[in-house]
Every structure is written in C-alpha cells, then in structure tokens.
Amino acid sequence: MRLANRESRPGSIGTGLKLGLCLMLCAGGSVAQGNGSSTALDGKNAKETVGEKSVGGTERERAVRVDILPGVPDKRSWTFAPPAVEESFTEPAFAWPLVPKKYSPRGIVVDRALPLLVRGEAEIALPAGEHRFLLRAMGAARFYVDDRLLLETKFRQPNADGHEAVPPLASDRDPQLRPLPPGHEGVVAKRTLDGQPHRFRLEAFYGDQHLRPELGELSVSVAAADGPFYLLAAKPSIPLSDAGWLTYLAEVRARDHDRAQAARLQAGAEEAAYWQRRHALAKQAWQAAHPAALRAGAAASDNPIDSLLAQQLAAAQVPLAPPLDDAAFLRRLSLDLIGVIPSRDEVEAYLAAPAAERRQQALDRLLKDRRWADGWMGYWQDVLAENPGILKPELNNSGPFRGWLYEAFEDNRPFDRVVTELVLMEGSVQAGGPAGFALATQNDAPYAAKAQILASAFLGVQLKCARCHDAPYHPYKQADTFQLAAFLAEGPQTLPKTSTVPRRSGGRQPAVKISLQPGDQLKAIWPFESLAPAELPAAMFRGVPTDRDRLAAILTSGRNERFAQVLVNRVWKRLIGWGFVEPVDDWNERPVVLPELLDRLAGEFVAHGYDLKYLTRRIVSSEYYRRSAVPAEKRKAGGSPGSAMVYPGPARRRMSAEQLVDSLFQAVDKPFRAEELNFDPEGRQRPGTFSNLGVPQRAWQFVSLSNERDRPALSLPVAQSILDVLVAFGWRESRQNPQSERDQQANVLQPLVLANGVVGARIATLSDDNSLTRLCVSDRSLSAIVRATFLQTLSRLPTAAEEARVTALLAEGFAARRTAQPAAVERENAPRTAVSWANHLSPQATKLKLEMERAAQAGDAPTAQLQADWRERMEDVVWALVNSPEFLFVP
C-alpha cells in the first residue's frame, strides 16, 4: 500500500507506512601565512637527542622523529636554552595532533611539566623545483629547512572575555583543501629545492599557565607548483583534505593508543608483581575461611551456576526457560560484553562457523575485543559518580577519571587494584587519572561524599542518610561517614555546620538522631569491623602505609569477604538482570538468594586474582545465561520464606541508554558526527576554566552540555540531539551522586525521540554515510538486500513472512532504483564554526549557532544515488526495524 500523504521534507519517512511496518514486523510490545626571526634551537642540540627513550614504530615505518622537551620557560618567547628530551616517538608525516600520555611507575597517567616543546625532524628528498610549504598551528610554531627558519605562527592570546567579534572562517579556493580550523593560523612560503635530501624541522609550544595543553591540527604540508597540498613526509601521499586528514587522524589515534598501552604495561611491570603477591595473600585468606568452596570451584569444568540454580528452581517448582537461538545469543553476548549489537559482518561470520563451535568462538573473540572497556564504562561512571564538566570543570564536578577507568578495563587490571588506585587518587586531575575522583570544589565535605560512593560501590553500605545525621533506617552513624572520609583526607575531618541538622533551643526537635556537633573532629577509624578487620598483615603494604593505603587495603583484602561478594553481585545483576542481593548498593538486612552460589563465585573471583573477565566468562558460559529472557510478570516466589523472587531465566532487560545509541549508529555504520565537547575550540582559556573532552566516538564519552548562562551561542546541537536520546532512556546529565540502577520504566519521551527525533531520522535516512545506502546501490538481489538489512539491524535473518512482505513492498522500482549521481564527498565530522567562548556574547555568534541548530534538526541529506520513491520505501523499512521492541530489548 502506498501513501499519498507523505511529509514534505526531502528524505522524510511516511508516517502511516512506518507504523504499519513496525506493527507488522515486530508485534508484541511497545516502547513507552608568515615569517620571523629570533633565537632558535640549533641543529647540534637537535642531533644530540638521538638515543633518548623512544616509543612506537620504526624509523622505516615512521620517518619523522618527534621529541618531547618539557620544562620550557613560561615566558611566551623562543629565546631559551633547550631542555633535555624526555621522550621520543615517530610518525610518518609532519603532523602530530597528540602528545603521548606520561605514566607513573604504577602505570597511572600523570601531568607533564608545562610548557613543553614538541619538536619533529627528518631528512627528506623532495623532487627538484619550486615547492609551497603550508604550516598550520594552534599557537606558536616554527618550521625550518636546513636549520633556516621558513615559517612561523604566533603565540595564542589567552583569556578572551566573550565580547570579541566572530572571525570569518578561512575560505580556501581549493575545495579539496581542508578548511583552516578555528583558532589556528596558516602561513605559506615558497622554497626551491634541488632534489637532494634536506633537513626539515617543526617545533611547537604545548601548554602554559594560561592555556590548555593542545596542539590542534599542527601540521606542515607541501605542494608542487599549483598542485594540491600533501602532509610533508618521505613520500607525500596524504592529502590535506577533510577525508585525508580524518583518515590520518584516526591512524594517529590508533598509534597513540597502542603506545599508551605499551607504556602503561612497561611502567606497571613492577606493580603487577606486587599484585601477584597480594592475590596470593587474598587466596590464602579466603581458603582459610572457605576451604571446601574454594576447592569445589577450582576446576574450570565445574560451573556451580547451573547445578545450584537447578536446585532452587526445582524447590520453587519453576521450569527453566527455553534456550536462546544462536542469533539471539550473539546479540545478547555482544551487548553484554562490548555494549553494542554485532555488525553484519560479525553476524555472518558467526553463522558461518560450525554450529557446535560458534558460541564459544564468539565468547573468546568478544572477551578479547578492545570494545570490552566501552561496554563497562557507562555502568561504572554511574556507580562512581564520574561527573566532569566542560565549563568550569572544578566547580563541584569530578575530574574526567574516565580515561583511567577505561584503561583499567582495557588492560583488564585486577579489580582490587582498580579500587586501590581509585582510593589512592594519584596521577593527573584533568588528563584522566584517578586523582580526578578527588575533585569536588565548593562542597562542604568532599571526602564525605567520596566515602559514601566507596561504601555503596564496594561494601553495599548505604551512607547517604548518614551524611548529615545518624541514619534513621540503617545502623550507620554520621561518625561512620566522616571517619571513612578521614582516611581519604589523610587527616582528621572537621564536621562543617552545613552537614548537620540545626536545632534551636525551645524549637521543634528534628526527628532524626544527632550525635555530632559542628566542629567535631573525626579521625581515621575503620567503622565496619563486622564486615572486615582493620588490622592486616604487613606484607600487604609497601613501606609505611598512609591512611589511603590502609583504607584501600582494608577494602580489597581477601579477609573482606563483602568486597568480593558485592562485586560478584554487581556483575551478576548486570549480566543476568537480577541480583543475589537487591538493591546491589544496600545490603542492610536484605535476603540473599542462593548464598552458596554467591560464595562460590566470590571465592573463584578471589582465587583468580579479582579478574573481571574470568568472572564474566564463568557467568556467560553457564547454560542459565543462554536461556530466553523472562519478563517480570513470570517471576515467582522463592523456595524459602522471605527469599527474593526467582526467575526461570535471565530477567528481560531493555538496552541501556549507551547501548541503544551505540547500537543505532552501529546498525547503519554511521558516525555520530557530533561536535567536539568543548566550548573553547580556540584554546584560549585556562585548564581550570574549560575542559576539552574531545569528539565522542562512543555514547559513554558524552557529558553534560549545560552552561551557566544558557546561551544559544554555547550550544552543540548535534551532540545535544544525541543527548536527548540518552536522557530519555535514563542517562543522567549530572552525576553528582552515585547510582547503581537506572529507572527502567517506559515513558512517553522514548517512542517520541526514537520515532520522530533527530537521531531516529538520521538513522533511517539513506544518506551517503549510511552503510545501508551502499548496500542498496550494490548489485545484490532484492532478497539479499532484505536479508542483509535484517542481519544489520536485528542481528538475525527475517522470517519467511517478513521477507515476503518487505520484498513485496520494495519490488516496485527496484530494477530502476539507482541513479547516475555520485556519492557526496565526505567533509568535516560536524559543522564547522568560529563561535567560541571568546565571542559567544556577539549577536553574530547566536545567529550562527541558530543556523547550526536548524541544520542539525533537518538531519542528514538523503543520497542522490537512489530514486526518491524507492529510497523512501526502504527508509520506512529501516525505520520500522529500529523502532521495534525487538531492537530495543536485550534478547
């Protein structure tokens, strides 16, 4: 059936047909340029750096050696004696937008001494003749040929007040030349070369007390006569176009990632040896308390999950849920382990594997997948209240310790080590280290807030009410909170007046008990001896322990059984959907479902060095995990009085907000194209005033976009459209308090934002950056296109009825669906603008951002490669699939 009443916007999707397809396919549920002169570093000093520490790549692969020279005088001048080289790395071209992270001996990211100089050099033979050289830099940089200065850019001017005029964007006559980014300076000079090797050198300043440490798009490019510019390299082959730069940037990031991981592992080698000793002590302690359980769980083939659950279900007379089919299992496993649905290639490879081996192969592959870290981030950001801000980041926010957390999961660090690093709060505050956990300015008792987070996250102890008075419904005193806080502060904590309930003589007395008075001093005393002993073997410490050392050791000791149990319970709840103890962050007087199974899994977790991947493998390898999901109405009471509900299979779960957003874009292999999370793209503000959290690639990387003045000129409309989906499905724009479980109730915003929102339209629209567009213009048959579309969106093949209906819908005009139009040339990730904090008070800034808002609301332009009529019907199919309950819920 065709619709005569389509929406007028080009590329829109027919409303009636969308709804009909959604009901038909997925019934059964609903979803609520220049020069200059000054004293420069000479060639002799540059050559002396050879032989310094080098990280990443070979000279043959990456001919440009880049040196990092920290400790440059902070005087915004080129006249200084060159400092020593701290570290070197190599790149294939004179373009390095990133400075590698620096790690402590414990493998924790730390700040480099700023300002520093980044210097790259190489001998390159270019063809004889005249060449144009283009230097682009975000601040002061110099480019030399044979130690003679050829190009120079100026120092950045800091601390703009917001009233500047919006500068016009640099327009280049060559459409293939990447536009000059905001805040950058571009200078060009000509030089005639003789075809012999010449020595090229690029130097740039990185950070000072006034500016965030950023290099922007630092590069030198070369062009012969009037030809296009290419990044300067031994063999210039990378065009300075949008596509060329974005491809190169992705490669740089990949190399930087590998360098960083190698540096962490090298720096943390001694640390790893220490933790092996700690784990031996933990295993001994647990074995002493649970000898039989530990021995029973030692064999990998002895999985207690199925046997103990079978006993419980038999006692409750509850039959086990039917098994999942292979395609549904892969989709569930991918969402649980890497946080996103599988790609079409992954599904096809999985289904092509032998049936008896495919599930185990998928499990092994996904546990090794780098995206394992992405899959866990959103959960632990909630639990640990990771709450960075991009405007005034020190104003009662946490630092972005997401970087350290991601690296911990990526390296699969033992979880007792992860918690210890969090408690010690070392490293960089704003560059992603655990020191960011300590940040909370303008808070009357910041360490009390951190104590609350640690207690709920790793002990199941809820101290929220014990912040300002003794807890009325828990056995915890206000003193417990502040004694725990004193460990973190490494000194007595004074109870502030603002953390008490006021009492007036003769007035109404508060209903809660007040046992402390403002000004009381609370020392570091472990308040939970019933859970774990405060006295620990000296072998657990390295030297004389600090209060933070002591707290971390008490929390993560093998003698603290609650620590391992709480973590097992959290992982179990996240993978299975129900917990041994509920809620997972408040164990006070809560019944324990299957305490024997909880202890067995906790014992194995300890015995295997608190290895999160081992625990995950144990759970998802069970037959119980491979059973169909059970809705809440089918759960039944347990076999003993007072026990929690019993499920015949894993609980039915909706995707988390992050899983949904990532899966929507994965389904069509489309990039977010969100703006950089940064209100100061020119880089003219202090690090403590603005943060740059980069261009998000996964949903967990987003952050609140609120600004204190709520000005349109400070909006990021594409990013905001994605945040709208995240917020509708439970993501919090502000995480000032910890949260272990999000609201799973359906609401009216959810179907609205998916069916009619900007992101939903972007996903369904067959634009040139949509992989389904490439599928549709291919030479595949209609049946093959339909089957591939189902694989790509729902991770399964269509049923015979589904395939017949969709094929019938798309058959008309299929043979003539393609036009002679080419695909659009890929340009910038997000709309480019020169609006920033420096000029956000300008009326022109607001006008430009409103234009960007309208462009974002219009969505992505549909492809010209397909006939409009056929394309719109195919878009209706895509819309129906991604709006179905089957897409939204974990199988």
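Residue indices follow the written sequence of each chain, beginning from 1 at its first position. At least 70 in pLDDT is required for a residue's local features to be given in this predicted model, at least 80 for side-chain atom pairs to be given and counted, and no such filter applies to totals for whole chains, interfaces and linings, which use all residues. The side-chain quantities take in all heavy atoms of the structure and omit both hydrogens and water.

Turning to the overall build of the protein, a few remarks are in order. Regarding its fold elements, the protein presents 28 helices and 19 strands. Per-residue accessibility, obtained with a 1.4 Å probe over protein chains only, is compared with the maximum for each type, and a residue is labelled buried under 20%, exposed over 50%, and partly exposed between these values. Put simply, the protein has 891 residues, and 56% of those count as buried. Surface exposure of the protein reaches about 35800 Å², of which carbon and sulfur atoms provide 53%. Secondary structure elements follow DSSP: runs of H or I no shorter than four residues count as helices, runs of E no shorter than two count as strands, and numbering proceeds from the N terminus. For every accessible area listed, the method is Shrake-Rupley and the probe measures 1.4 Å; residues are considered covered only by the protein chains on display.

Contact geometry of helix α8 (residues 344-352) with helix α9 (residues 358-368) gives a least axis separation of 9 Å together with a crossing angle of 140°. For the element pair α8 / α9, the angle class is oblique. Seen along the crossing, α8 lies across α9 with a hand that is right-handed. Listed contacts from α9 to Glu346, Tyr350 and Leu351 of α8 are Arg358, Arg359, Ala362 and Arg365. Each residue belonging to the contact of α8 with α9 can be placed in one class, and the counts come to 3 nonpolar, no polar and 4 charged. The axes are straight lines fitted to the C-alpha atoms, using for helices just the contacting stretch, and the angles between their N-to-C directions are given from 0 to 180°. What sets the label is the angle itself: under 35 degrees gives roughly parallel, over 145 gives roughly antiparallel, 65 to 115 gives roughly perpendicular, and the rest give oblique. Handedness of a crossing follows from how the near helix is turned relative to the far one, being left-handed for an anticlockwise turn of less than a right angle and right-handed for a clockwise one. Should any heavy atoms of two residues lie within 4.5 Å, those residues are considered in contact. Ten residue types, Ala, Val, Leu, Ile, Met, Phe, Trp, Tyr, Cys and Pro, are classed as nonpolar, four, Asp, Glu, Lys and Arg, as charged, and the remainder, Gly among them, as polar.

Let us now look at the pairing of strand β9 (residues 148-153). Along any regular strand the residues' side chains alternate between the sheet's two faces. Relative to β9, strand β8 (residues 141-145) runs antiparallel, the two being bridged by 5 bridges. Of the residues in β9, the one forming a bridge with Phe143 is Leu151. Here a strand pair is declared whenever DSSP counts at least two bridges between the two strands.

To continue, consider the pattern of salt bridges. Salt-bridge detection follows one rule: a side-chain nitrogen of Lys or Arg within 4 Å of a carboxyl oxygen of Asp or Glu. By the definition in use, this model includes 67 salt bridges. Where Arg653 meets Asp336, a salt bridge forms, and the shortest distance between an N and an O atom there is 2.9 Å. In this pair, Arg653 sits in strand β18 (residues 653-654) while Asp336 sits in helix α7 (residues 326-338), placing the two residues 317 residues apart along the sequence. Given the relative accessible area of 15%, Arg653 is considered buried. Take Asp336: its relative accessible area is 4%, and that puts it in the buried class.

What counts as a ring pair is set by centres within 6.5 Å for rings of Phe, Tyr and Trp (its six-membered ring), and what kind of pair is set by the plane angle: stacked under 30 degrees, edge-to-face over 60, tilted for all other angles. Summed over all chains, the structure comprises 37 aromatic pairs. Arranged with centres 5.1 Å apart and planes meeting at 50°, the rings of Phe155 and Phe205 form a pair that is tilted. Separated by 50 residues along the polypeptide, Phe155 in the loop between β9 and β10 (185-193) and Phe205 in strand β11 (residues 197-206) bring together distant segments of the chain. Ring plane angle 55° and centroid distance 6.0 Å describe the contact between Phe814 and Trp870, whose orientation is recorded as tilted. Residue Phe814 is located in the loop between α25 (800-811) and α26 (843-858), and its partner Trp870 is located in helix α27 (residues 868-882); the two are separated by 56 residues in the primary sequence.

Here the focus is the environment of Val187. Inspection of the secondary structure assignment puts Val187 in strand β10. On the basis of relative accessibility, which here comes to 0%, the residue Val187 falls in the buried class.

Read from one edge of the open sheet, 4 strands run β10-β7-β12-β13, paired in antiparallel fashion. Looking at which strands have only one partner, the edges of the open sheet turn out to be β10 and β13 (230-231). Sheet topology note: the strand β7 (residues 129-137)/β10 ladder contains 9 bridges and is antiparallel. Looking at the pairing, Leu134 lines up with Val188 of β10.

Within the secondary structure, Leu716 sits in the loop between α19 (657-667) and α20 (717-728). Counting along the chain gives 10 residues from Leu716 to Ser706, while the straight-line C-alpha distance between them is 10.0 Å. Setting aside residues no more than four positions away along its own chain, Leu716 makes contact with Glu675, Glu676, Leu677, Asn678, Phe679, Leu705 and Lys849.

All right, on to the packing of helix α14 (residues 478-489) against helix α15 (residues 547-556) then. Packing of α14 against α15 brings their axes to within 6 Å, and their N-to-C directions diverge by 120°. The angle between α14 and α15 falls in the class oblique. Contacts from Leu484, Ala486, Phe487 and Leu488 in α14 reach Asp547, Arg548, Arg550 and Leu551 in α15. Taken together, the residues of the contact of α14 with α15 sort by class into 5 nonpolar, no polar and 3 charged.

Before going further, it helps to spend a moment on the nonpolar core. To define a nonpolar core, start from buried Ala, Val, Leu, Ile, Met, Phe, Trp, Tyr and Cys residues and group those joined through side-chain atoms within 4.5 Å. Trp380, Phe458 and Trp572 are the most contacted members of the largest nonpolar core, which has 112 residues in total. Residue contacts for Trp380: discarding those within four places in its chain leaves Leu405, Phe409, Phe415, Phe458, Leu567 and Arg570. Among the nonpolar cores identified, the runner-up in size contains 63 residues, and Ile341, Val668, Leu714 and Val718 belong to it.

By this rule the span expected of a helix is its residue count minus one, scaled by 1.5 Å. Over its 12 residues, α14 runs 17 Å from end to end, which matches the ideal 16 Å to within 8%, given 1.5 Å per residue. Counting buried positions along α14 yields 11 of 12 residues, so the element is predominantly enclosed. Those residues of α14 that sit buried are Gln478, Ala479, Asp480, Thr481, Phe482, Gln483, Leu484, Ala485, Ala486, Phe487 and Leu488. Contact partners of the buried residues in α14: α12 (415-424), α13 (446-458), β14 (493-494), β15 (521-522) and α15. Among the residues trailing α14, Glu490 stands out with phi positive, at a value near 55°.

Fine structural detail should not be taken from predicted coordinates in areas where pLDDT scores are low. The predictor attaches a confidence to each residue, and that confidence, scored 0 to 100, is pLDDT. Confidence in the prediction for the protein averages 88 pLDDT; 88% of positions are at 70 or higher. Of the regions scoring below 50 in pLDDT, residues 294-300 engages in 14 contacts with residues more than four places distant in sequence or in other chains.

Before going further, it helps to examine the side chain of Arg873. One can find Arg873 in helix α27. For Arg873, a relative accessible area of 1% gives the class buried. We define a polar contact as two N or O atoms separated by no more than 3.5 Å, with the added condition that, inside protein, one atom must be a possible hydrogen donor and the other a possible acceptor, whereas residues neighbouring each other in sequence contribute only through side-chain atom pairs. Within the local environment of Arg873, its side chain forms a polar contact with the backbone oxygen of Glu812, the two atoms lying 2.8 Å apart.

A cis amide bond links Leu114 to the next residue, Pro115, at an omega of -5°. Mapping Pro115 onto the fold places it in the loop between β5 (109-110) and β6 (116-125). Residue Pro583 follows Glu582 across a cis peptide bond; omega there is -5°. Checked against the element boundaries, Pro583 lands in the loop between α16 (561-576) and α17 (595-607). The backbone of Tyr610 sits at a positive phi, close to 55°, despite the residue not being glycine. Mapped onto the elements of the fold, Tyr610 is located in the loop between α17 and α18 (612-620). You can call Tyr610 buried: its relative accessible area is 1%.

Disulfides are defined in this document as cysteine sulfur pairs within 2.5 Å. Applying the stated criterion across every chain, the model contains 0 disulfides. We note that Cys468 lacks a disulfide partner, and the nearest cysteine sulfur, in Cys465, lies 9.5 Å from it.

With respect to burial, β8 is a largely interior element, 5 of its 5 residues being buried. By the alternation rule, side chains of β8 split into Ala141, Phe143 and Val145 and Arg142 and Tyr144, which are all buried. Linking two consecutive strands that pair antiparallel, namely β8 and β9, is a turn of 2 residues; a positive phi of about 55° is found at Asp146 within it. The pairing of β8 with β11 spans 5 bridges and is classified as antiparallel. Within β11, the position partnered with Phe143 by the bridge is Leu202.

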